[in-house]
Amino acid sequence: MNHCHIGRCRAALIALLIAGLGPVPARAQLPTLGDGSELSSAAEKRLGDRIAREMFRDPDYIDDPVLAEYVRGIWQPLLDAARARGELTVELDQRFAWQVLLGKDRIVNAFALPGGWLGLQLGLINVTTSRDEIASVLAHELSHVTQRHISRLQSEEKKSTPLLIGAMLLGVLAMSRNPQAGNAMLTGGQAVAMQGQLNFSRDMEREADRIGFGVLTQAGFQPQGFVTMFEKLQQASRINDNGSFPYLRTHPLTSERMADMQARQQLLPKGAPTPASVALEHALMAARSKAVSAGPIDDIRALVREADMPPPGGTHQRRAAVWYAGSLAASRVRDHARAEAYAQKLAAEVQGDAVGERLARLLGAEVAVAAGQPARALSLVGEAGAGSSRPEVLLWAQARTATGGGAEVAQRLQTWVATQPRDATAWQLLANAYASQGQSLRAIRAEAEAQVAQLDYSAALDRFKAAQELARRGGAGADYIEASIIDTRTRQVESMLREQSLER
């Protein structure tokens, strides 16, 4: 079974986990009757972290700094609005992760996991035409978590749910080793969950719609995002199910839900038109999502061919999107000349739009790094190493390390990870910078921290112990301060691993 298929199966299994657990993708709505749940927030966090660890290992998981920043820019206002509305309690706010993980599969799906983890497949971004549509999905999933739907579902099914949770988790964990076995383990649990909890899930869906709509509008997004996203899903539901819209199976779309959102939208004053810059940004990010998630080589080359002959009379946003996707796709197939040519056309097309110009520079730098032209990449990102924007910092770090500036990169990234300790990509780039200077001990420690950031404490402990062994062999030239830090972190990770083992 190839990686793409494994990722698709894993996404489907996690969706089933949610359907059975009550947490993942489709939990939804119920009048607020108080939190009578029996699953504590601490237990829910442990459950979510355990699933998130498997998602980090999934070959479908992707840390694309540009797309992640865009999604975060939508996600953060929703979190702030949930806090302001009182939907997000102080306890949950401090305890849960509140992190969106991206999957590069082209299936249309999103889901909420226990403990404030959310999953968003690029396939869903691919079908959207505005950031408001993405916001509507994230607001809905956020409301599943803030309303404790996982925990409430456990309370509703006191006897069967704990066993179902265990079976589902074992199935999901088994997928990383034997996809067929994992699928078999989940088959029975799926049927029980879907049959026994269908009505409750519909109530939860309505609640997530209602609360999510309020969060969406308070966060400043256009309410029609809910309606237009529903329309897209309704259209998809009329097509024979080929597995491309698993979101519809875990979040059943009903005429009642659609009518409710349409009625709520009509009660609000008509919003101002979407600014051109915002619309352009989404068009470029949807184009990037399509290029990143493009699967077989023929699909990637199709994006390149489309950029060769953009549609005549296309809009400004359409032309920019075609050239963006074409440039990134050409870079993926190592056609660096075309990638550079399309990037230059994009830069000319978006001139005068600050957001578009920045995204064009980032793309140009990314294309230059892929082409082995780090100096050109540095000229595009400038002194980004001193800035605070993650895409620029990480691109600058790659290019500067390649031009012999490992010491400068290490200094900058040390500051970065001190404030962003869960940034696994930054830790790995820091490890590369140390390695380029021959600082093996620090490089191994940074590799270990990257594993910690992805909750893989076992792999992290292996790296920390390797660092301890290297320090013991270091002799007079050893870095004793670094060795002391490594000893401390080893003990801490050993403790975390013990706690992790107790969950099983």
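Worth saying up front: this structure is predicted, and the values here are computed from it rather than measured.

Caption draft 1: Highlighting the packing of helix α19 (residues 374–381) against helix α20 (residues 390–402). Viewed as axis vectors pointing N to C, α19 and α20 meet at an angle of 140 degrees, and their least axial separation amounts to 8 Å. One element, α19, and the other, α20, form an angle in the oblique class. Like other packed secondary-structure pairs, α19 and α20 cross with a definite hand, here left-handed. Contacts between α19 and α20 involve P374, A377, L378 and V381 from the former and L395, W396, A399, R400 and A402 from the latter. Among the residues making up the contact of α19 with α20, the classes are represented as 8 nonpolar, no polar and 1 charged.

Caption draft 2: Focus on the confidence of the model for the chain. Per-residue confidence for the chain averages 83 on the pLDDT scale, and 79% of its residues sit at or above 70. Note that pLDDT drops below 50 for residues 185–200; the model gives that stretch 28 contacts with residues more than four away or on any other chain.

Caption draft 3: How the structure looks around the side chain of D423. With respect to the helices, strands and loops of the structure, D423 is situated in the loop between α21 (406–419) and α22 (424–436). Not counting residues within four places of it along the chain, the set of residues in contact with D423 comprises D63, R390, W416 and A453.

Caption draft 4: Layout of the environment of Q265. Among the structural elements, Q265 can be located in helix α13 (residues 255–267). The partly exposed category is assigned to Q265, whose relative accessible area is 23%. Once the C-alpha coordinates of Q265 and G225 are considered, the two residues, 40 residues apart in sequence, prove to be 9.5 Å apart. Residues in contact with Q265, not counting those within four places in the same chain, are F213, P223, Q224 and V227.

Caption draft 5: Inspection of the environment of F56 at higher detail. Note on placement: F56 falls in helix α2 (residues 41–57). Among all residues touching F56, those that are not within four sequence positions of it are Y61, Q99, L101, W117, A453, Q454 and L455.

Caption draft 6: Layout of the pairing of strand β4 (residues 117–121). Taking burial as the measure, the 5 residues of β4 include 5 buried ones, the bulk of the element. The two faces of β4 match: W117, G119 and Q121 on one face and L118 and L120 on the other face are all buried. Bridge analysis of strand β2 (residues 99–103) against β4 gives 5 bridges, and the strand direction is parallel. Directly across from Q99, in β4, lies its bridge partner W117.

Caption draft 7: Main features of the pattern of salt bridges. If you walk through the whole model with that rule in mind, you get 35 salt bridges. In this structure, K45 engages D49 in a salt bridge whose closest nitrogen and oxygen atoms are separated by 2.7 Å. You can see K45 and its partner D49 sitting in helix α2, 4 residues apart, about one turn around the helix. Of the charged contacts in the structure, one is a salt bridge between R288 and E366, with a shortest N-O distance of 2.9 Å. Of this pair, R288 sits in helix α14 (residues 276–293) while E366 is found in helix α18 (residues 354–370), placing the two residues 78 residues apart along the sequence. By relative accessible area, which is 24% here, E366 ends up partly exposed.

Parameters at a glance
- Residues numbered from 1 in each chain as written.
- Predicted model: local features only at pLDDT ≥ 70, side-chain atom pairs only at ≥ 80, totals over all residues.
- Heavy atoms only, no water.
- Axes fitted to C-alpha atoms, helices over the stretch in contact; angles between N-to-C directions.
- Helix = DSSP H or I, 4+ residues; strand = E, 2+ residues; numbered from the N terminus.
- Parallel < 35°, antiparallel > 145°, perpendicular 65-115°, else oblique.
- Left-handed = near helix turned anticlockwise from the far one by under 90°.
- Contact = heavy atoms within 4.5 Å.
- Nonpolar A, V, L, I, M, F, W, Y, C, P; charged D, E, K, R; others polar.
- pLDDT = per-residue confidence, 0-100.
- Buried < 20%, exposed > 50% of the residue type's maximum accessible area, 1.4 Å probe, protein only.
- Pairing = 2+ DSSP bridges.
- Salt bridge = Lys/Arg side-chain N within 4 Å of Asp/Glu carboxyl O.

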